[in-house]
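Descriptive structure summary
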Amino acid sequence: MLSNDALVDLAAGWIDQAALNDTNLQAIRSFNEIIPISEHQGNLDSELTEATIRKATAWAFAYRLQIAQSDGRWRVQLIPYFADSSGHSTPPRVEDVSETGVEVWRRLHEKVTSNFGKARLNHLLFDRKVGNPREHAIAAARSHLDLSRHWRTGLDKSESLHTALRLARAVGAAELASEVSKRILEVNRETVSAGYDKPGVTLRLLRPLAYERNPPEGLAAALDSAIDVYDSPFTRDELLTIKLNLHKSGDKRKEVQAHQVQVWLNAAESATGLVKAGHLKKALERAQESNDPDLIGCAASALQKIREEDLGLSRFSTSSAVPQEQFEKILSPITDCSDWREALLNFTLAYGPAVGTVDNTRTRVQEFIENATFASILTTEIIGSDGLPRFTPKSDSDVEEMRMAQQESFMLQHTAPILAAALHKIPEAHGIPTEQELTEFLALGKLTDEDLAASISRCLIRYWTGDPEAAAFTIAPKIETLVRNLVISLDAGVYRLQRNEKPGQYPGLGSLLGTLREKGLDESWHRNILTICGNPAGGWNLRNEIAHGFLATVGSPAAAILFQCVLYLWTLGPQSSDGAVNEPSES
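Here's what I pulled together on the structure shown here. None of these values were measured; they are calculated from a predicted model.

It is worth spelling out the nonpolar core at this point. If you look at the biggest cluster of nonpolar residues, it comprises 74 residues, and the most contacted ones within it are Ile-15, Trp-105, Leu-108, Phe-116, Leu-121, Leu-124 and Val-180. Apart from the residues lying within four places of it in its own chain, the contact partners of Trp-105 are Ala-56, Ala-60, Tyr-63, Val-94, Val-97, Leu-121, Leu-124, Leu-125 and Arg-128. Cys-337, Leu-438, Ala-471 and Val-487 belong to the second-largest nonpolar core, a separate cluster that totals 64 residues.

Let's shift gears to the environment of Ala-277. Looking at where Ala-277 falls in the secondary structure, it is placed in helix α13 (residues 273-290). Looking at Ala-277, the relative accessible area reads 15%, which means it is buried. For Ala-277 and Gln-304, which are 27 residues apart along the polypeptide, the C-alpha to C-alpha distance reads 9.6 Å.

It is worth spelling out the pattern of salt bridges at this point. With the rule as written, the count across this model stands at 30 salt bridges. Between Glu-110 and Arg-106 there is a salt bridge, with the nearest N and O atoms lying 2.8 Å from each other. Here Glu-110 and its partner Arg-106 are both found in helix α4 (residues 99-111), 4 residues apart, which amounts to about one turn of the helix. Given the relative accessible area of 51%, Glu-110 is considered exposed. A single salt-bridge network, built from bridges that share partners, covers Asp-5, Glu-103, Arg-106, Arg-107 and Glu-110.

Our next topic: the packing of aromatic side chains. The final tally for this structure, using the stated rule, is 10 aromatic pairs. Taking 5.2 Å as the distance between ring centres and 55° as the angle between the ring planes, the aromatic pair formed by Phe-31 and Phe-61 counts as tilted. Taken together, the positions of Phe-31 in helix α2 (residues 24-34) and Phe-61 in the loop between α3 (50-60) and β1 (64-70) put the pair 30 residues apart, joining distant regions of the chain. Just as Phe-31 is buried, Phe-61 falls in that class too.

Cut-offs used in this document
Residues numbered from 1 in each chain as written. Predicted model: local features only at pLDDT ≥ 70, side-chain atom pairs only at ≥ 80, totals over all residues. Heavy atoms only, no water. Core = buried A, V, L, I, M, F, W, Y, C linked by side-chain atoms within 4.5 Å. Buried < 20%, exposed > 50% of the residue type's maximum accessible area, 1.4 Å probe, protein only. Contact = heavy atoms within 4.5 Å. Helix = DSSP H or I, 4+ residues; strand = E, 2+ residues; numbered from the N terminus. Salt bridge = Lys/Arg side-chain N within 4 Å of Asp/Glu carboxyl O. Phe/Tyr/Trp six-rings, centres within 6.5 Å; stacked < 30°, edge-to-face > 60°.

Dropping the structure here:
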């Protein structure tokens, strides 16, 4: 039976044998052939036995290096290759290894001769604060520096050099850190000049140097050289982002930011379809980060020039037929009432919100997630009518809101034509009332005076006399008028909203609707008005599209759902004693 010293000598020989390989992966695989990973499980004995020495030796090379950035600082850690939610890991975390295991590492570090072995064992002893930790950190860094000359692959070289730099910085070994930095630039020159398209190596090498308190001379030139060599706009953008860290302010920073924008504009020139749009969107993002109005204007102009036909997108349309008997039943709330007044109220309330109830929408969203798994995990971006990105979900709540708006839009495609038919049916069944009759009826609302009632009356007459486009364009602003009147009637304070939201400007419709929701506005109707008029997460956005001139024509279905919003708001009130919205009851 071998003595403990002989067993440690044998284990050290295995380590040095594995170190003869020319890549880190091959070295670890070779080592695992001698001590298989099946021996990683379990605890160490309290005494030095053959099993303890083998297991502790295996553990030493089972940790993986993790080099991560946090709050602008880089750290290197040795972490287990497996860890579960309960806290169990294989191997144990370095700080949890027993003193017996640490003693094995200490003895092995005295025996190994390879840089592969010295780098790992000194690193472990530094983490466990054995002996003189600073000496262990410097020794580990030195071995990693030497390994960069032994390893064949660029990724292995970059990992060893980055680890060496972090260890040297951790103990204030400035001269060693400087030596490592020079070696990093040397390896980068070798990589770039070799003519191989290996941007990952260059990025790994150069990125940490940009975060040094005093970046080494030659870093900016190395970045410029790499930017010239690598054609990919993604790689160039990353390299320029690294370069930005060298220039916190001033003209140099502006030059780099302008270069970033131009990289994406140039890439867009040779691309088509959605790829072209993606490159232009990235140019706009970079321009917005710069806060340079000239850059923003240039990028935005390029993106706005894209049209739907340039994107290569396809339009899909479907149609459905409703049997005559069923359709007549759908219109019965209009045809079976006594006069046009009752018909208008039924048009408003009998069909419910055009987007459906919020509970039904949530149910459909859940069904979509369950039945369209792949589609539900894709990221969707909404492009506005101006050709610019309107909405990209940034959080789980954003994703949920977008899905709700999408489902509500699908519902509108079904309900809008029905509401259009119902609104047309009123004069067919009861005759067209005069403007005076309509005005007197609408003036009964708590939110309308005679002028507003007369204006809404003229909008309805335009619709009934064959001009739904003019009706839609003139009725759309009345939605915000009624919403604002309701906010005022609830003593919510429009001026306060102006001060809180956008000082010096009118509070937007979304802000006003949010106030009404807080005051008790039915959630389904709140979503109905928001999605129809101006939901940034999707929807028809008719009020916004009309106001900004993006809709050349508007048909009866769109006009009808706008009228339903206006008439629903007209039914609200009076103010309750607690300052809440008083919902109407259905006729």
